[in-house]
Amino acid sequence: MTTPLRTLAVSFLNARPLVAPLGELRAMFAVEETLPAQCATALAEGKVDLALVPVAALLDNPSWEVVPEVAIACRGPAQTVLVVSE
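Numbering of residues starts from 1 in each chain and follows the order in which that chain's sequence is written. Totals for whole chains, interfaces and linings use every residue, but because this is a predicted model, local features are given only for residues with pLDDT of at least 70 and side-chain atom pairs only at 80 or more, for both listing and counting. Side-chain calculation: all heavy atoms of the structure are included, whereas hydrogens and water are not.

Considerations on the overall build of the protein chain
Argument step 1. The helix count covers DSSP runs of H or I at least four residues long, the strand count covers runs of E at least two residues long, and both are numbered beginning at the N terminus. Regarding its fold elements, the protein chain presents three helices and three strands.
Argument step 2. Counted from the first residue to the last, the protein chain has its helices and strands arranged as β-α-β-α-β-α.
Argument step 3. With the principal axes as the frame, the protein chain shows a C-alpha extent of 55 × 25 × 25 Å.
Argument step 4. Any residue under 20% of the maximum accessible area for its type is buried, any over 50% is exposed, and the rest in between are partly exposed; the area is computed with a 1.4 Å probe on protein chains only. Counting the 86 residues in the protein chain, one finds 19% classified as buried.

What to know about unusual backbone geometry
Argument step 1. Residue Glu69 is not a glycine yet carries a positive backbone phi of 60 degrees.
Argument step 2. Here Glu69 shows up in the segment after helix 3 (57-60).

Digging into the confidence of the model for the protein chain
Argument step 1. pLDDT is a residue-level measure of predictor confidence that goes from 0 to 100. In the predicted model, the protein chain carries a mean pLDDT of 88, and the fraction of residues at 70 or more is 99%.
Argument step 2. Mean pLDDT in the protein chain bottoms out at helix 1 (residues 16-23), which sits at 88, and peaks at strand 1 (residues 5-9), which reaches 94.

Focus: the side chain of Thr7
Argument step 1. Relative to the assigned elements, Thr7 resides in strand 1.
Argument step 2. In this structure Thr7 comes out as buried when scored by relative accessible area, which is 4%.
Argument step 3. Any pair of N or O atoms that falls within 3.5 Å is considered a polar contact. Within protein, one atom must be able to donate a hydrogen and the other to accept it, and sequence-neighbouring residues count only if both atoms are side-chain atoms. A polar side-chain atom of Thr7 sits 3.0 Å from the main-chain carbonyl oxygen of Leu5.
Argument step 4. Setting aside chain neighbours within four positions, we find Thr7 in contact with Leu22, Phe29, Ala30, Val31, Glu32 and Leu50. What makes two residues a contact is simply this: any of their non-hydrogen atoms within 4.5 Å.

Regarding the sheet that holds strand 2 (residues 29-33)
Argument step 1. Pairing between strands is defined by DSSP: at least two bridges between them are needed. Strand order in the open sheet formed by three strands is 2-1-3, with parallel pairing between adjacent strands. The strands lining the two open edges of the sheet, one partner per strand, are strand 2 and strand 3 (50-51).
Argument step 2. Across two bridges, strand 1 lies against strand 3 in parallel orientation. Along strand 3, the bridge assignment pairs Leu8 with Ala51.
Argument step 3. On the sheet, helix 1 packs against strand 1 and strand 2 and is oriented at approximately 135 degrees with respect to strand 2.
Argument step 4. Note on geometry: axes are C-alpha line fits, over the in-contact stretch for helices, and angles between N-to-C directions span 0 to 180 degrees. Running over the sheet, helix 2 (residues 36-44) touches strand 1 and strand 3 and is turned about 155 degrees from strand 1.

Things to note about the nonpolar core
Argument step 1. The definition of a nonpolar core used throughout is a set of buried Ala, Val, Leu, Ile, Met, Phe, Trp, Tyr and Cys residues joined through side-chain atoms within 4.5 Å. Ranked by size, the top nonpolar core spans twelve residues in total: Leu8, Ala9, Val10, Ala15, Val19, Cys39, Ala40, Ala42, Leu43, Val48, Ala57 and Trp64.
Argument step 2. Of all elements in the fold, only strand 1 and helix 2 reach the threshold of two or more residues within this core.
Argument step 3. Examining the composition of this core, we find that four residues originate from one element, helix 2, more than from any other.
Argument step 4. Each residue touching Trp64, except ones within four places of it in the same chain, is listed here: Ala40, Leu43, Ala44, Val53, Ala57 and Leu58.

Right, here's the structure in full:
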């Protein structure tokens, strides 16, 4: 039997469609949840095999492979982001 891929994801509702099916495939994926930046750090440090990371993290890690046609995105303005400044 092969070892499941160490996988990090986020617990946000918009990630559920990507993450939930992996949990059902426990023989293939060992899924844990954390914050997006921690997903990127763990992947960069080799602590996990697969992670849901912010797109900006790809700039610092050009060797990472991106799964085609899989993303958390929206068509039109996103109303779940708030930018605050002093």
